[in-house]
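Spelled out, the chains give:
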Amino acid sequence: MRRSLRPLLITALAAGCGLALSVQAESAPQGRLPGWAVPQSYQLAFRVDPAQADFTGTTVIRVKLTQASDHVWLDGKALKVAKVALTDAAGKTSAARYVDADAQTGVVRVDFGRTVQPGEIALAFDYSAPLNAQLQGLYKVSAQGQPYAMTQMEPISARYAFPGFDEPGFKTPFDISITLPAKDRAFANTAQVSEKPADKGWKTVTFAPTLPLPTYLVAFAVGPWSVREAPDIAPDAYRTKPLPLRGIAAAGEAPRMAHVLGETPSIIHALENYYGFGYPFGKLDLLAAPDFSAGAMENAGLVTFRDWLLLLDKDSPARNVRGSFNVTAHELAHQWTGDTVTLAWWNDIWLNEAFATWMQQKVTMEVHPEYRADLDRVRGAQGAMANDSLVSARAIRQPITGNGDIETAFDGITYQKGAAVIGMFENYVGDKTFQKGMRAYIQAHKFGNATADDLVNAIATAAGKGEPFKHAFDSFLNQTGVPYVQTRLTYKDGKAVLDLAQSRYLPLGSRGDTTRVWGVPVCVRYGTTDGSKVACDMLSAATGSMALPGASKATWVMPNANAAGYYRFSLDQSELTALVREVPKLSDTEQLAYADAIHASFQHGDLDAGRALAALKPLTASKVRQVAVAPLGQVGWIYHHAARTDAQRAKVAAWVKAAYLPRLEALGYVRRAGESEDAALLRSTLAGTLAFDYKLPQVRTALLKQGEAALKHSADGKLDLAAANPDLLGDALGVAVQTQGKPAVDALIAALPGTSDPALRNGILGGLAHAEAPALVEQVRDFALGKSVKVGEMAMLLRSGRNTLAQRNAMWTWFTGHYPQILKRTGSFAGGYLPMLAAGGGCSTAEAERMQTFFKAHENDAAGISRGLAQTGESIELCSALKDKQAM
C-alpha cells in the first residue's frame, strides 16, 4: 500500500527539522528490505540497569549504498530515537530523520535530507526504549527478587533492542559494549576484552568483535549472574585451541550446572567430527534464563535456555535430565547450521531448525544410545504428520508474505518434518555420502548465507545424483502434506511384486484434494523363507511397482522399513492381518510406524474403534517404552470421543488397565536404586495417564499419598515438596488438588512465589493445572495472569482441562473475558498459538464457528493469528467429522 507523503511532511515541519524529503513517497517494504542498502558492521553501546524500566543505546551502522538515495529502510520497534547522524563516504556529517513508517511491523525509514551517492555511509542513532515485558528483544526478568536483563532476538525482535537491518541475510561483525551498574555482570556473544569505570556506581564492559552474524543471533545479558567455570574443551583435529566453557545462571544457581557442563564437550567433539569443521566462535557460555519464550536459543557463543534444562541435580526429574542433553545438542548443532551457515531468508528456516533437530538425534545416538533418539525421530515425524494432514498446513519452504509467516514458521513442520525428510534422503543416498555433502555445504558457505538449493545441490553432487533426485527432495520441501502409499501384493510369473500408488493423506472430513505426487524413496521390509529383506525404490509417479526378490509365497509386508520414510501407508485387510502376526518381530522403529499406520487408517475411516484397539494391542507388550506407550494417544481419543456411554468407556478403560496397570505396579511409585531413566519416564507416563484420563483408584491412592506428604510444611515453613518422587511431583499434587480442593490450590498458589527451583515450580504448576472444580479452575487461570507466574509458565496453567464440552465452554468463556490481559502478556511472540489456547481440543462445528467469529475480529492483534485460526479451526472440524463416523 502506498503511504501518503502529506502526514510525513506535516510531521517533519511540525518538528522543525528543516529536512527536504523526497518528492516521491515510497511505500514501506512489506517483506524483505531493499537490497541496495547493505550493512557492513555495527557498533552497539547500551546503558542497562535491570532495576529500571528503560535502557538507552547508541548504534552505529556502516552501510554500503549501491545506488544513490535520499533514504534507507531498516527496522526498529518501540524505540524513542532522539538523534540520527549521517556520515557520507566523503566524511561529511549531517542530521537525518528517523520515521516510524510501519509501527506494527517495525519498519522505519531514515531520511537523509539530501541525495547521497553510492558508497559506504555511517548512520549513528541515539535512542531509549523500554525493557520488554513480553520476553522479546532486550527484556526484563526477575529471580528471587533480583532483576535481570537479557535478550531474545529471534526471529524478528532485535528491532526492539536496536535499530538495524533485522533480516538473516544481512550478516556483519558486531562490536558490543555495555555500561551497567558496577555490582552487576555482563555477558555477550564474545569474550570480554575490557572493563572500565564509568560514572559513579557504573562500569563499561567491552567485548571482542564477533564473526559475521545476523541480528537475530546477537545476545547479551546483564544482572547479578553467578558463573561456574568448567574445564576448557580440549583441541582436536579440527580446532587447534582449547575452547573456554562456562555456565551462567541467576545468583547462587550456577553450581547446579555441573551436569550439563560435563556433557557439553562430548557434544562439541561429535559435531566437529561430523562436519570436519571446528567450533569457530572462540568461547562457549550456556546461560540458564529465569524466564524465556522459547526452549532455548542458539546465540553464537552465548546459548540461552529455560532454566530447568540446565539447573540439575540428583533429584531432578528424568525428563529434565534427558531433555537437557537433547536440547543442548540441538542448540550446539546450530553453531554449524544456523550460526556458521545462516539461512538467506525466513522461508528457509528449515536449514537451521530441521538440520539441528536431525543432527541432535545423530549426536544423541552416538553419545547416549540408551536415549533412543532413533525412536524420537520417528515419533517426531509422526507428530508432524498430524499437522501436515491439514489442508492449512505450512510447507517446509513456506513463502513469506508477512511477519505472521515468520513467527509461525517455528513449528513441527520445520523441525520434525524437516528432520524426517533429511533423514529419509540420507537413508536413500547413504550416511557417508550425505556427510560428504554436508561437509562441502558448510565449507562453501561458512560465515555466509545459503538457500535450500545450495544444500540440495551439495547432497546431489556428493551422491552423483542429477535432476530427478533434486526434484524428489524439492517435492517434500515445497509441497504441503503427507504422502499416502497404498500397497497391493501380487504374484507375477511366480515372483512377488508390490504394486504401489501414492496420493495425499487426508483424514475423514477433510475438504482437500488427494491428488498429489512426490518423489518418495520407498523402502519395504518383507518376509522371506529365512527371515526378511529390504527393497527400496524411488516412487516418482502416481503409481509404480517393486519386485520383492526371495519373498516367501505367504509373505508379509512392512511398507516403511526402519520407519525411514516420511510417508504413511495403508494395507488391505489380508496384508494387515499378515503384518499383525509379525509385529513382535519388527524393529522398534517399524513398530512405531505400524502404530501410526493404524492411527492413520482409523482417522481415514478405514478401521473402526474395535479393530483399531485389537491391532494396537500387541504393541503394549513391548519392553521398549516408546513402543509400549505408542497406542495411548489413539486409545485416549477413542475413550473421550468414540465411546458415548458409560459401558463403552468402561470397556476402553478395562483395555487400558489390563495393558498398563501391571507395568506400573511392577515399577512402583518411588525411585529405585540403579533404575534407568527409561523406567522413570515410563512410570511418569503411566501414572499420569491412569490417574487422570482413566481415574484408576489404586493409582490415584498411591499418588495422593505422595501429594498429601508434599503439601505438609517442613521445618522452614515451606511445603515439603521433596516428599514426593520428583518424577511424579506434578501428578501427585494434581491428585491432591482434585481430592482436597481449595485448601490444596491455595497452598500451591501461596508457595509458588517463594519457590525458585525450576523443577519444583514446574511441579507446583503441574499440580494446579489438574484442578477440576469450575471455581478452582477459574482461580488457577486468573492466577496465571499475575506476576507470580512467569510469562513462559503461563501455558502450563491454561492448556489443560479440555476433555469435555463443559470444560471447553468454561475455558472459552474465561479466555474471551480475559483476552486483553492474555494478549498483553504474550501477544508479541505467541499470536499463532492464541486460537489453539482458546479453543484447542474442540470437537464440534459450534466450537469452530465461535472461534472463527471471535478471532476474525481480532486477526490483526498479533502476528500469526491467521494461521493459528485456520489450523485450529480445521482440526476442530476434522475431530467433529471423525467423532460422527467412529462412534463405538
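This structure is a prediction, so every number in the text was calculated from the model and none was measured. (Residues numbered from 1 in each chain as written. Predicted model: local features only at pLDDT ≥ 70, side-chain atom pairs only at ≥ 80, totals over all residues. Heavy atoms only, no water.)

Draft legend 1. Region of the structure containing empty space enclosed by the protein. This model, assessed by the stated rule, comprises four cavities of 30 Å³ or more. Here the largest cavity is characterised by a volume of approximately 130 Å³. Of all the elements in the fold, those that place two or more residues in the lining of the largest cavity are α5 (373-388), β28 (568-570) and α12 (588-604). In terms of residue count, the dominant contributor to the lining of the largest cavity is α5 (five residues). Residues of the lining of the largest cavity, tallied by class, amount to eleven nonpolar, three polar and three charged. Approximately 60 Å³ is the volume attributed to the second largest cavity. As for the second largest cavity, its lining consists of Leu768, Ala769, Ala771, Val777, Val780, Arg781, Leu797, Ser800 and Gly801. Element by element, the count of residues in the lining of the second largest cavity is highest for helix α22 (residues 774-784), at three residues. Looking at the lining of the second largest cavity residue by residue, the class counts come to six nonpolar, two polar and one charged. (1 Å grid on protein atoms, 1.4 Å probe; cavity = no way out; pocket = protein on both sides within 12 Å on 5 of 7 lines; lining within 4 Å. Points joined across faces, edges and corners; volume = space filled by probe spheres on them. Helix = DSSP H or I, 4+ residues; strand = E, 2+ residues; numbered from the N terminus. Nonpolar A, V, L, I, M, F, W, Y, C, P; charged D, E, K, R; others polar.)

Draft legend 2. Local environment of helix α11 (residues 573-582). Considered for burial, the residues of α11 that qualify are Glu575, Leu576, Ala578, Leu579 and Glu582. Buried positions in α11, seen along its axis, are confined to an arc of 165° and lie on one side of it. Opposite the buried face of α11, by more than 90 degrees, sit the exposed residues Ser574 and Arg581. In this structure, the buried side of α11 is in contact with β22 (483-492), β27 (557-558) and α12. (Buried < 20%, exposed > 50% of the residue type's maximum accessible area, 1.4 Å probe, protein only. Arc of directions from axis to C-beta. Contact = heavy atoms within 4.5 Å.)

Draft legend 3. Representation of the sheet that holds strand β11 (residues 185-188). Judged by pairing direction, the sheet is antiparallel, and its four strands sit side by side in the order β8-β9-β14-β11 without closing on themselves. Two strands in the sheet have a free side with no partner beyond their single neighbour: β8 (137-143) and β11. Mean inter-strand twist for the sheet, computed between neighbouring axes without regard to direction, equals 15°. Summarising the sheet, β11 and strand β14 (residues 220-223) pair through four bridges and their orientation is antiparallel. The residue of β14 that forms the bridge with Phe187 is Ala221. (Pairing = 2+ DSSP bridges. Axes fitted to C-alpha atoms, helices over the stretch in contact; angles between N-to-C directions.)

Draft legend 4. Representation of helix α15 (residues 632-642) within the structure. Burial analysis of α15 places nine of its eleven residues in the buried class, which makes it a mostly covered element. Residues Leu632, Gln634, Val635, Gly636, Trp637, Ile638, Tyr639, His641 and Ala642 constitute the buried set of α15. On its buried face, α15 sits against α12, α13 (609-616), α16 (646-667), α17 (677-693) and α28 (865-885).

Draft legend 5. Local environment of the pairing of strand β10 (residues 174-181). Of all the eight residues making up β10, seven are buried; the element is thus mostly covered by neighbouring parts of the structure. Pairing of strand β1 (residues 37-47) with β10 involves six bridges; the strand directions are parallel. From the neighbouring strand, Phe46 faces β10, where its bridge partner is Ile178. As paired strands, β10 and strand β13 (residues 202-207) are joined by five bridges and run antiparallel to one another. What sits directly across from Pro181, in β13, is Trp202.

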